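# Understanding the architecture of this molecule
Residues per chain are reported as follows:
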Amino acid sequence: MSRQSNRLHQGGLIDRTREISFTFDGRALTAHPGDTLSSALLANGIHLTGRSFKYHRPRGIYTAGAEEPNALVTLGNGGRTAPNTPATMVEVYEGLEAHSQNRWPSLKFDLLAVNSLLKPFFPAGFYYKTFMWPRSFWYRLYEPMIRRAAGLGTLANESDPDHYEKAHAQCDVLIVGAGPAGLMAAREAAHSGTSVLLADDHSFPGGHLTGEAIEIDGQPCAPWAAGISDELKDMENVRLIQRTTVYGRYDGMTFGAVERVGDHLVPDSATPRQRSWTIHAKQLINATGAIERPLVFTGNDRPGVMLAGAARVYVNRFGVLPGRNVVVFTNNDDAYRTARDLSQAGATVTLVDSRAEEKVSARGILPEHVEVHFGQCISKVKGRSHVHRAMLAPSGTELDCDLVCVSGGWTPSLHLLSHVGHRPIWDEARTCFLMKEPGNDARAAGGAAATFDLNEVLSEGAKAGRAAAKSCGHGSPGNSKLPKAENLPAYALEPLWRVPGSVSRADAAFVDLQNDVTVADLELAQREGFGHAEHAKRYTTLGMATDQGKLANMNALGILAELQGCPIAETGTTTFRPLTAPVAFGAIAGQTRGKAFRPVRHSAMHHWHEIHNAVFTHAGLWMRPYYYPRKGEDFAAAVKREVLSVRSSVGMVDVSTLGKIELKGPDAGVFLDRLYINSFSRMRVNRARYGVMLREDGMVFDDGTVSRLGPDHYFITVTTANASAVMQHMEFCHQVHWPQLDVQFCTVSEAWAAMAVAGPNSRDVLARTVKGLKLDNDTFPFMAVGEGTIAGAPARIFRISFSGELAYEVYTPAGFGAGVWEAIMEAGKPDGITSYGTEAMTVMRTEKGHVAGPELDGRTTAADLGLGQMMSTRKDFIGRWMTDRSGLAGKDRLQLVGLKPVRVDETFHMGAHLVNDQGVTGVDVSQGHITTSVYSPTCGHFIGLALLRSGRARSGEQLYAVSPLHDESVTVEVVNPVFTDPNGEKMRG
Amino acid sequence: MADKPTPQSPLKRHSQPAPQPGLSVEEVPGMTQVQVILRKHKGPGPLEGLAKDGVSICTTGPGEFWAFSEQHDTHGTEKRLGKVLGESASLFDQSHGRLVLRIEGPGALEVLARGTPLDLAKMPAASATHTVIEHIPVLIARHRTTGRYDISVPRSYAVSFIAWLAEAI
């Protein structure tokens, strides 16, 4: 166990009374509650945390926030492996296991670091220029090889054992960032009575105040922030969510956010790891602050180089001294506070300022002994695995050091303001892009608006809160007293996009640390004609890593502008798209994984099917019995038995999944007449009829039955697959086409359980169970409808047949479904009643020549399917006139036919094409295709339905059914599609 | 003639989530639910009188209402509705098609917010709204009693819904 050699004796917002253990690359280390992984590593004297993406250069901790480009680590192991996690955002917990990435065999000795030596040969675009021939090698060799050499962490191959939640939240004002601006905005907005949601990235509020040694209202800024936060927590109209990254803004003021609920805790099964929020707001206050810019000089990526603001955070928030001999390099006054704080913490500090002395106002805050080099830059740092010397230019001075803190100024964080298409505009005076026209529903405050004076930030935050509340219709609470912060030196930035003359081919000056893009790469892009911001980004991959160029983009635009000799405003800028930070797939999926990937639907009889050994199949979301194998039976044997049982005696199938729609009102009949090709308004009460609906273009949309239960009362069934689509179609027709019709309808699919009882003995079986309804053929003929009771439950009985047998469909309120099913099964025992599944149903409807989904494929007309005679000529209906188009009325259309193999032992497959000559290939030789193929126990051989060109006139013709997928070519004969009981004597008997 | 059987709940063989601090979930068995759709050019008529008969009626869309009654008497409920509505509306019995889960307690809103994007906090008392929770279409009715919600779930989705609920609470 190591000693925390760089931990200061006092200070920081950590719990020094407790020590926790963690490991990094297997090495046991200690930390304190409140530490991040990066602060804990620095406390233990560890800067080197990873290898770079392309050149495998040693890299160290560079920031203290989500923008970290270097210190990406893999957390956990097994299914909990979380690669590419910024160490700066990981809160250390007891037992945390972290590993460095992109190195082999070890972090200190990485064989692929040879890439760094070969860097002059690997400029931007190298891969695309080099690995072009032979083309086939790209997928097999080049890409896998490059992916292996480059890249970041590796995903686990195991299932993620953690669970994730989703949640929704609504608010008037969403404030992102609980720094000084966000806290003031939240307080002002909340006091006006508006509902506020304050989302903050970190574990406790305060933003950059948590890392500063500044006083507000006479007290240290961190406790001041905590006090405001406590005040907000006590307000009913405020919700404060910590550890939450708002990663995207979408249309309609909808935001995506991820709350890291359990990431800072020892993993367990009870606590969700993360919660994915969808937030709906009326107003956005973007108080996300600003991100410090690196300075670009040779070797600026070496471990031990760190942003100046980050070093301040490590000292003030974590009580960690990241270096003892520090050089601070800046082009602005802000970094002077870093020099001051490090010096006061015991470090020896030298400050290098690129500006002339007369432009600097912050000198006075430094202790006298801090040496300052005005008008100087760091041109290069030395030290492969850790900096040990900084070389100044133009003086040539060399400074020994173990930490180089850099500050190139601050870039407002505009991402959320830009996500819905607003483009940032360059502000020359403030030397940054700003969102000057963020729209009426969004505004920025504080650092995100390039306001860096703390008193102005506090004032601007309060103003933004009041304005947002007012936009939501809430008046001002009055002039609340603004807090007063101590006066700080002015920002006084003088841009420095790269240190002049610092670029050498031997050791690079990096612009994008995470994607290893150098100044030389940008120069190459410019030389090759890719100098525009959008082109350079894609040519060099600048800004395309997981940090999305948060550190790199601004310097790159400045360098490109210099290379082109034009203002930054003319080099173009890129906009931002969600996500602002990487989000785990688990958080996006939430509970929707595994068995909960999508809901399933069960009929009222599902349990009976389960205990009777049903094998289920998916029908949309429904789970339907496919077949019921008995001991020793395979699929084919079970289906054959089920079919023969029905054909010879009686069987029952669950058809609850059918869509069911009930219609009432005096115009219900007329409404149906206009929807279906046949007529229903003159159908007698207590009768049913098969019906077909067309789409507007004349193609068949759906089919089913229509029953008239009363003069103004109809009940229709539609196919399982189209249950929702037909309901939508009917709503559209009623609301748009015929709003004057007095008809009311709704889906009652869930309200009724349904079962079809089929077979020559079905009447006898039902007669034993149905009370209150006579079922003899005279009283209750084919297509009759009646009501009775079964086992005491009400039942609607329809004499309808899909199988071609004497058959009845029984509908009962769903709560009685299981009881009615069981009663019929019990009554059918003397007849050997069998339950049958969807496959036997398919076999029997095919034997009967009834069309179903495969034939209703959206390209067939009623005439194609042999249903042309059903189309009424005495009324108008949807699709009628389009069926007269020549293309739909031609004689060479694909028409429904039956098929059987010439040799009865041969089989053919659905999807096989029908051709005249064997062995001839090509799309144009197809005469049609097989839509359904089944083994028919009734016929004793395979049968099929097919759509064949001019098919009805080709009965008796022999064709080849060819399926190259199955390596199959079978001689088939075109036959009548009705294979059994062509005159319908069985179902009418 | 056999006695009319008791309707079977789709959750008969599935355990319901255990009560949590500040939250209870229970099925309201056999609740009568009637979908009411107004006829064209007809007003809804005075609906206030229904409440004293134990029928709560909520607007669910333009010209559409949903009536709930715990009296387990669809026929009686339809009769009472018919008495008030007369010829102005068509009634559709949905009692068997949907089970009702009553979620009650201070934690109810938070649990429901894990499923629905709607702002239920702003939902008026004694109102109902259609929404979707984890791909499941549901109707949420808010009682006059604070923190009490009835979730009307299509019967076929009951097992999936209860699985979501168990995870959510």
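Residues numbered from 1 in each chain as written. Chains lettered and ligands numbered in written order. Predicted model: local features only at pLDDT ≥ 70, side-chain atom pairs only at ≥ 80, totals over all residues. Heavy atoms only, no water.

### What to know about the interface of chain A and chain B
Each partner contributes residues to the interface: chain A has 45 residues there, and chain B has 41 residues. Interface of chain A and chain B: buried area, both sides summed, is about 3,500 Å²; carbon and sulfur atoms make up 53% of it. On the surface where chain A and chain B come into contact, there are 2 salt bridges. A:E165 serves as the salt-bridge partner of B:R114, at 3.5 Å between the closest nitrogen and oxygen. Counting across the interface, chain A meets chain B through 18 residue pairs in polar contact (both at pLDDT 80 or more). Tallying contributions element by element places strand β8 (residues 164–176) of chain A first for the side of chain A that touches chain B, with 6 residues. (Contact = heavy atoms within 4.5 Å. Buried area = accessible area lost by both parts, 1.4 Å probe. Salt bridge = Lys/Arg side-chain N within 4 Å of Asp/Glu carboxyl O. Polar contact = N/O pair within 3.5 Å; in protein donor to acceptor, adjacent residues only side chain to side chain. Helix = DSSP H or I, 4+ residues; strand = E, 2+ residues; numbered from the N terminus.)

### Points about the domain arrangement of chain B
Residues and elements named next belong to chain B. The domain architecture assigned to chain B consists of domain 1 (24–29 + 96–168) and domain 2 (32–95). In this structure, domain 1 and domain 2 have C-alpha centres spaced 21 Å apart. Counting residues at the interface gives 14 residues for domain 1, matched by 10 residues for domain 2. Both sides of the domain 1 and domain 2 interface together cover about 990 Å² of buried area, and 57% of this is carbon and sulfur. Remark: the boundary between domain 1 and domain 2 carries 1 salt bridge. Measuring nitrogen to oxygen at the nearest pair gives 2.9 Å for the salt bridge that ties E70 to R102. In this assembly, domain 1 and domain 2 are joined by 7 residue pairs in polar contact (both at pLDDT 80 or more). (Domains from an automatic or database assignment.)

### Examining the sheet that holds strand β45 (residues 894–901) of chain A
Residue and element names in this part refer to chain A. With respect to topology, 6 strands assemble into a closed barrel ordered β45-β48-β47-β46-β49-β50, the strand pairing being antiparallel. Along the sheet, successive strands turn relative to each other by an average axial angle of 45°, direction set aside. Note: strand β47 (residues 928–936) against strand β48 (residues 941–949), 8 bridges, orientation antiparallel. Across the sheet, residue Y935 finds its bridge partner in β48, namely F942. (Pairing = 2+ DSSP bridges. Axes fitted to C-alpha atoms, helices over the stretch in contact; angles between N-to-C directions.)

### Comments concerning the environment of A:G691
All names here are of chain A. Here G691 is to be found in strand β35 (residues 687–694). Overall, G691 belongs to the buried group, its relative accessible area being 0%. Between the C-alpha atoms of G691 and S343, which are 348 residues apart in sequence, the distance is 88 Å. If sequence neighbours within four positions are ignored, G691 has contacts with Y676, N678, F680, D702, D703, G704 and M870. (Buried < 20%, exposed > 50% of the residue type's maximum accessible area, 1.4 Å probe, protein only.)

### Observations regarding the domain arrangement of chain A
In terms of domains, chain A is made up of domain 1 (1–156), domain 2 (164–288 + 412–471), domain 3 (291–410 + 490–571), domain 4 (606–656 + 751–844) and domain 5 (659–747). For domain 1 of chain A versus domain 5 of chain A, the separation of C-alpha centres amounts to 64 Å.

### Here's the deal with a nonpolar patch on the surface
A surface patch of nonpolar side chains, about 250 Å² in accessible area, is lined by A:F137, A:L141 and A:M145. In this structure, A:M145 sits in helix α4 (residues 137–149). (Patch = residues over 30% accessible without salt bridge, like charges linked within 9 Å, V, L, I, M, F, W, Y side chains within 5 Å. Areas by Shrake-Rupley, 256 points an atom, 1.4 Å probe, with all protein chains shown as cover.)

### Let's talk about the packing of helix α5 (residues 180–191) of chain A against helix α6 (residues 221–233) of chain A
Residues and elements named next belong to chain A. Two elements in contact, α5 and α6, have axes separated by 10 Å at closest approach and are oriented at 25°. One way to sum up the angle between α5 and α6 is to call them roughly parallel. Crossing hand, α5 versus α6: left-handed. Counted together, L183, M184, A186, R187, A190 and H191 of α5 and W224, A225, I228, S229, E231 and L232 of α6 form the full contact between these two elements. (Parallel < 35°, antiparallel > 145°, perpendicular 65-115°, else oblique. Left-handed = near helix turned anticlockwise from the far one by under 90°.)

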